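Understanding the architecture of this molecule
Now for the letters of each chain:
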Amino acid sequence: MSKLIYKRVLLKLSGEALMGSGTFGIDPATIGRMADEIKALVDAGLQIGLVIGGGNIFRGAGLAQGGLDRVTGDHMGMLATVMNALAMKDALIKRGVAARPVSALSMPDACDDFSVRDVRASLDAGEVVILAAGTGNPYFTTDSAASLRAIEIEADLLIKATKVDGVYSADPVKEPDAAFYSRLTYDRVITEKLQVMDTTAIVLCRDNNMPLRIMNINEPGALMRLMQGEDIGSLVESES
């Protein structure tokens, strides 16, 4: 096996990625496949922080558009991320991987409270740390939470795993001729309003020089190849 070029990464998964071919909830086969890939990375020596969205269960902003109070909706969305974190913890533990869910909202019966110092120690000890409940604040997405946590844990790379191969000039499903970007800057993402992450998340990465890789989570083995140095997906970074 080729040597890994990264020591510690933050992997951001959308809640929708856990649905598989379904339209709601968690598909056991899908979360199992993801857990298998994470296990292979841990066995190879990679330290992994994991943020999972909650869109497969609740999405706060969408609920707010339907008339629900935004703060209430966002807290419901945070709780959805905790459900996903617990499901992923269970899948990893069943595969012999030490996994620890931590939450930005205090709920000691389900998760440990988030602490930067404790999370770094857990990563150094070889545990997968699943960072739940976003930032703990309404009006912030799990993309922003992923950027923040990547910076806090001093990750070498932030990976956003999606259903597309990387960043395009437009939605490639709707516009087959959309241009693919293998490299681009944070400022270009913001200026061209490319649908990579929300602006807050991109600005956090830019201002803290956190490289961001966008890739397709549904391509088997792609995460491992990326960690071994293969150029997969799109890389967002500072001007060279």
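Above this text you will find the structure in question.
Let us look at the structure shown here.

The rules behind these values
Residues numbered from 1 in each chain as written. Predicted model: local features only at pLDDT ≥ 70, side-chain atom pairs only at ≥ 80, totals over all residues. Heavy atoms only, no water. Helix = DSSP H or I, 4+ residues; strand = E, 2+ residues; numbered from the N terminus. Buried < 20%, exposed > 50% of the residue type's maximum accessible area, 1.4 Å probe, protein only. Contact = heavy atoms within 4.5 Å. Areas by Shrake-Rupley, 256 points an atom, 1.4 Å probe, with all protein chains shown as cover. Lys, Arg positive; Asp, Glu negative; His and termini not counted. Charge placed at Lys NZ, Arg CZ, Asp CG, Glu CD. Core = buried A, V, L, I, M, F, W, Y, C linked by side-chain atoms within 4.5 Å. Pairing = 2+ DSSP bridges. Polar contact = N/O pair within 3.5 Å; in protein donor to acceptor, adjacent residues only side chain to side chain. Axes fitted to C-alpha atoms, helices over the stretch in contact; angles between N-to-C directions. Parallel < 35°, antiparallel > 145°, perpendicular 65-115°, else oblique. Left-handed = near helix turned anticlockwise from the far one by under 90°. Nonpolar A, V, L, I, M, F, W, Y, C, P; charged D, E, K, R; others polar.

1. Description of the overall build of the protein chain
Counting its secondary structure elements, the protein chain contains eight helices and 11 strands. Principal-axis analysis of the C-alpha atoms places the extent of the protein chain at approximately 50 × 50 × 35 Å. With 240 residues in all, the protein chain has 49% of them scored as buried. Expressed as a percentage of contacts within the protein chain between residues at least 6 apart in sequence, the contacts between residues at least 24 apart total 71%. Surface summary for the protein chain: the accessible area is close to 11,100 Å², and the carbon and sulfur share equals 51%. Taking the 24 positively charged and 31 negatively charged side chains of the protein chain as two groups, their mean positions are separated by 2 Å.

2. A word on the nonpolar core
One broad rule of soluble globular proteins: the nonpolar side chains tend to lie buried together. Core analysis: the biggest nonpolar cluster contains 44 residues, and Leu13, Ile38, Met88, Leu92, Ile130, Ile159 and Met227 have the highest contact counts within it. The residues contacting Leu13, other than those within four sequence positions of it, are Met34, Leu50, Val51, Ile52, Gly53, Met88, Ala161 and Ile217. If you look at the next biggest cluster of nonpolar residues, it comprises 27 residues, including Leu10, Ile153, Tyr181 and Cys205.

3. Focus: unusual backbone geometry
In this structure, Tyr139 is a non-glycine residue whose phi angle is positive, near 75°. Mapped onto the elements, Tyr139 comes out in the loop between β5 (128-132) and α5 (142-152). Residues other than glycine seldom take positive phi values, yet Asn209 does so here, at roughly 55°. Summarising the element assignment, Asn209 is placed in the loop between α7 (199-207) and β10 (212-216).

4. Here we look at the side chain of Ser122
On the secondary structure map, Ser122 appears in helix α4 (residues 116-124). In this structure, Ser122 is in contact with Arg100, Glu127 and Val129, ignoring residues within four places of it in sequence.

5. Examining the sheet that holds strand β4 (residues 112-113)
If you trace the nine strands from one edge of the open sheet to the other, you get β4-β3-β5-β2-β1-β6-β10-β11-β9, paired in mixed fashion. What marks the edges here is a single partner per strand, and that holds for β4 and β9 (183-185). Sheet analysis places strand β1 (residues 8-13) next to strand β6 (residues 157-162), joined by five bridges and oriented parallel. Across the sheet, Leu13 pairs through a bridge with Ala161, a residue of β6.

6. Section: α5
Of all 11 residues in α5, eight are buried; the element is thus mostly enclosed. On its buried face, α5 is in contact with β1, β2 (47-52), α3 (70-93), β5, β6 and α7. The residue sitting at the N-terminus of α5 and contributing the capping side-chain oxygen is Thr141; that oxygen lies 3.3 Å from the backbone nitrogen of Asp143.

7. A few points about the packing of α5 against α7
Following both chains from N to C, one finds α5 and α7 inclined at 15°, their axes separated by 7 Å at the closest point. By the angle between their directions, the pair α5 and α7 is classed as roughly parallel. Crossing geometry of α5 relative to α7 is assigned as left-handed. Note on element contacts: α7 touches α5 through Thr200, Ala201, Leu204 and Cys205, opposite Asp143, Ser144, Ser147, Leu148 and Ile151. In the contact of α5 with α7, the residues fall into five nonpolar, three polar and one charged.

8. Some details on the packing of helix α1 (residues 28-43) against α3
Taken N-terminus to C-terminus, the directions of α1 and α3 make an angle of 60°; their axes are 9 Å apart at the nearest point. In terms of their interaxial angle, α1 and α3 are classed as oblique. For the crossing formed where α1 meets α3, the hand is right-handed. Contacts between α1 and α3 pair Ile31, Met34, Ala35 and Ile38 from the former with Ala87, Met88, Ala91 and Leu92 from the latter.

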